[in-house]
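Read off the chains here:
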Amino acid sequence: MRVAGCIFDLDGVLVDTARYHFLAWKRLADKLGIGFTEEDNERLKGVSRIDSLEIILQIGKLNIDKELKLEYATLKNNWYVEYISRMTPAEILPGSLEFIKELRAVGLPLGIGSASKNTPAILERIGISNLFDAVADGNLVSTAKPDPGVFLKAAELLGVNAADCVVFEDAIAGVKAALNAGMMCIGVGEAKVLSDAHFVVRGLNEMSLERLRIFEKEVRL
Ligand code: BG6
Ligand code: MG
């Protein structure tokens, strides 16, 4: 395989927004009298907004109607948007910018593949919108990872065959989505958690173009 396009998940790969999601979900859980821990929050990574709410309601054994669910999801999002509106470029995860710039220097098309509807706001806040040729996010694709939709859309927008793309992902559901799209997947996080990925690095600070070229030679799709 020769990588012809790179697709990055946003939350947890380029920027650590998990703590803001946690703060906002925790605020909602407290309001509903549901005990919600940082460990519970791990289960929400890569999961859509409404499915995340379902998990929290499940933890609290709370049954509510659809209308109220939408209300709670909106409430959580309003808090989340308030938190991310104060983000700064300093919150970009170590090594991300250097790696992205190295890829851009050799002309590799770069895209975002994220479930988040807040993707444009976050990219804008941390000042990296202009580094990507395509953004496929929750506003464009409604199917949730592990469905491959968001990555296939990113590849389509980049004009690159799915089989020639590599995905960088920190969530188990996201790794599965990349594999379902027929793409090479590099997990970003813990190897024991992301064991389905073709390769795993702890952060993009461990990545370089040279390492990507080594990985592409070894991978069997
Ligand atoms: C994913 C996050 O990227 O986006 C999830 O990992 C989040 O935690 C999902 O629920 C949807 O995000 P948003 O911003 O549209 O609520
Ligand atoms: Mg993620």
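Anyway, here's the lowdown on the structure attached to this text. (Residues numbered from 1 in each chain as written. Chains lettered and ligands numbered in written order. Predicted model: local features only at pLDDT ≥ 70, side-chain atom pairs only at ≥ 80, totals over all residues. Heavy atoms only, no water.)

With that out of the way, let us pick up the overall build of the protein. Along the protein, the regular secondary structure elements total nine helices and six strands. In terms of overall dimensions, the protein is globule-like: its C-alpha atoms have a radius of gyration of 17 Å, near the 17 Å expected for 221 residues. Residues classed as buried in the protein amount to 50% of the 221 residues present. Sequence-distant contacts in the protein: of pairs separated by 6 or more residues, those separated by 24 or more amount to 62%. Between the centroid of the 26 positive side chains of the protein and the centroid of its 31 negative side chains there is a distance of 1 Å. (Helix = DSSP H or I, 4+ residues; strand = E, 2+ residues; numbered from the N terminus. Rg over C-alpha atoms; globule rule 2.2 N^0.38 Å. Buried < 20%, exposed > 50% of the residue type's maximum accessible area, 1.4 Å probe, protein only. Contact = heavy atoms within 4.5 Å. Lys, Arg positive; Asp, Glu negative; His and termini not counted. Charge placed at Lys NZ, Arg CZ, Asp CG, Glu CD.)

Summarising the metal site, the magnesium ion (ligand 2) is bound by the protein donors Asp9 (OD), Asp11 (O) and Asp170 (OD), whose distances to it range over 2.0 to 2.2 Å. Each donor residue of the magnesium ion (ligand 2) lies on one chain, and together they are spaced D-x1-D-x158-D. On the accessibility criterion, Asp9 (5% relative accessible area) is buried. By relative accessible area, which is 17% here, Asp11 ends up buried. (Donors = N, O, S within 2.8 Å, 3.2 Å for Na, K, Ca; no water.)

Turning to the sheet that holds strand S1 (residues 5–8), a few remarks are in order. Here we have six strands laid out as an open sheet, ordered S3-S2-S1-S4-S5-S6, and parallel in their pairing. The open sheet has two free edges, formed respectively by strand S3 (134–136) and strand S6 (199–201), since each of these has just one partner strand. Ignoring strand direction, the axes of neighbouring strands in this sheet form an average angle of 25°. Running at roughly 155° to S1, helix H5 (residues 96–105) makes contact with S1, strand S2 (110–113) and strand S4 (165–169) of the sheet. (Pairing = 2+ DSSP bridges. Axes fitted to C-alpha atoms, helices over the stretch in contact; angles between N-to-C directions.)

Turning to the site of ligand 1, a few remarks are in order. Residues in close proximity to ligand 1 total 15 residues, the closest being Asp11, Val47, Ser116, Lys117 and Asn118. Note that an oxygen atom of ligand 1 is positioned 2.6 Å from one of the backbone N or O atoms of Val47. Contact with the protein chains hides 95% of the accessible area of ligand 1, taken as 390 Å² for the molecule alone. Here the shell around ligand 1 is composed, by residue class, of four nonpolar, seven polar and four charged. (Near = heavy atom within 4 Å. Polar contact = N/O pair within 3.5 Å; in protein donor to acceptor, adjacent residues only side chain to side chain. Areas by Shrake-Rupley, 256 points an atom, 1.4 Å probe, with all protein chains shown as cover. Nonpolar A, V, L, I, M, F, W, Y, C, P; charged D, E, K, R; others polar.)

With that settled, consider the environment of Glu190. Tracing the sequence through the fold places Glu190 in the loop between strand S5 (184–188) and S6. Along the sequence, Glu190 and Lys69 sit 121 residues apart, while their C-alpha atoms lie 33 Å from each other. Among the polar contacts listed, one links the side chain of Glu190 to the side chain of Lys192, at a separation of 2.6 Å.

Take the nonpolar core next. Soluble globular proteins: nonpolar side chains tend toward being buried together. Counting 55 residues, the largest nonpolar core has Cys6, Phe8, Leu14, Phe132, Phe168, Ile186 and Leu212 as the members making the most contacts within it. Here this core gets seven residues from one element, more than from any other, and that element is helix H1 (residues 18–32). When sequence neighbours within four positions are dropped, the list of residues in contact with Leu14 reads Phe8, Asp9, Glu91, Ile92, Leu93, Ser96, Ile100, Ile112, Ile128, Phe132 and Leu204. One finds Ala134, Phe151, Val175 and Ala178 within the second-largest nonpolar core, a separate group that totals 20 residues. (Core = buried A, V, L, I, M, F, W, Y, C linked by side-chain atoms within 4.5 Å.)

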